Amino acid sequence: MSKNIAFNLLFIDGNHKKTPTLEYFNTLKSKISSPALFVFDDIYWSNEMKEAWQIIINDNDVNFSIDLYEQGLVVIDKNETLDKKHFELHLSY
């Protein structure tokens, strides 16, 4: 028996490398309902993670992204027609 399960909240805290992070994202995009929120941990962990984050926020399916420095949030909403938006909320000490 096969079940089709669709997720709308996904937390990705993988092995902190570019290629696997992108593979997780692309694989999980096919398993979502709309809208869906992806939370990525450690987006500035390494240069590879910074590169992966840039690719993810520029993905054609991503409607909104928020850079919280340690975490990154992206929203995919297949019903949204507004232009893509990216926000950065870095705190200064």
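Residues numbered from 1 in each chain as written. Predicted model: local features only at pLDDT ≥ 70, side-chain atom pairs only at ≥ 80, totals over all residues. Heavy atoms only, no water.

Novice: Break down the confidence of the model for the protein for me, citing the residues and quoting the values.
Specialist: Within the protein, residue pLDDT values average 88, and 92% of them lie at 70 or more. Per-element mean pLDDT across the protein ranges from 74 in strand S5 (residues 85-88) up to 96 in helix H2 (residues 47-57). (pLDDT = per-residue confidence, 0-100. Helix = DSSP H or I, 4+ residues; strand = E, 2+ residues; numbered from the N terminus.)

Novice: Give a description of the nonpolar core that names residues and reports values.
Specialist: Buried together is how nonpolar side chains tend to be arranged in soluble globular proteins. Residues Phe 25, Phe 38, Phe 40 and Val 74 are the most contacted members of the largest nonpolar core, which totals 16 residues. Where this core is concerned, the elements lending two or more residues are strand S1 (7-12), helix H1 (18-29), strand S2 (32-41), H2 and strand S4 (71-76). Ignoring anything within four residues of it in the chain, the contact list for Phe 38 reads Leu 10, Ile 12, Phe 25, Leu 28, Lys 29, Ile 32, Gly 72, Leu 73, Val 74 and Ile 76. (Core = buried A, V, L, I, M, F, W, Y, C linked by side-chain atoms within 4.5 Å. Buried < 20%, exposed > 50% of the residue type's maximum accessible area, 1.4 Å probe, protein only. Contact = heavy atoms within 4.5 Å.)

Novice: Describe the pattern of salt bridges, naming the residues involved and giving the relevant values.
Specialist: Under the defined criterion, the tally for this structure stands at three salt bridges. Here Glu 51 makes a salt bridge to Lys 18, at a shortest N to O gap of 3.2 Å. Taken together, the residues span a long stretch of sequence, with Glu 51 in helix H2 and Lys 18 in helix H1 at a distance of 33 residues. A residue is classified by how much of its surface remains accessible, and Lys 18, at 24% relative accessible area, is partly exposed. Residue Lys 29 is joined to Asp 59 by a salt bridge in which the shortest nitrogen-to-oxygen separation is 3.0 Å. Of this pair, Lys 29 sits in helix H1 while Asp 59 sits in the loop between H2 and strand S3 (64-67); the two residues are 30 residues apart in sequence, bridging distant segments of the chain. If you follow the salt bridges from partner to partner, you end up with Lys 29, Asp 59 and Asp 61 in one network. (Salt bridge = Lys/Arg side-chain N within 4 Å of Asp/Glu carboxyl O.)

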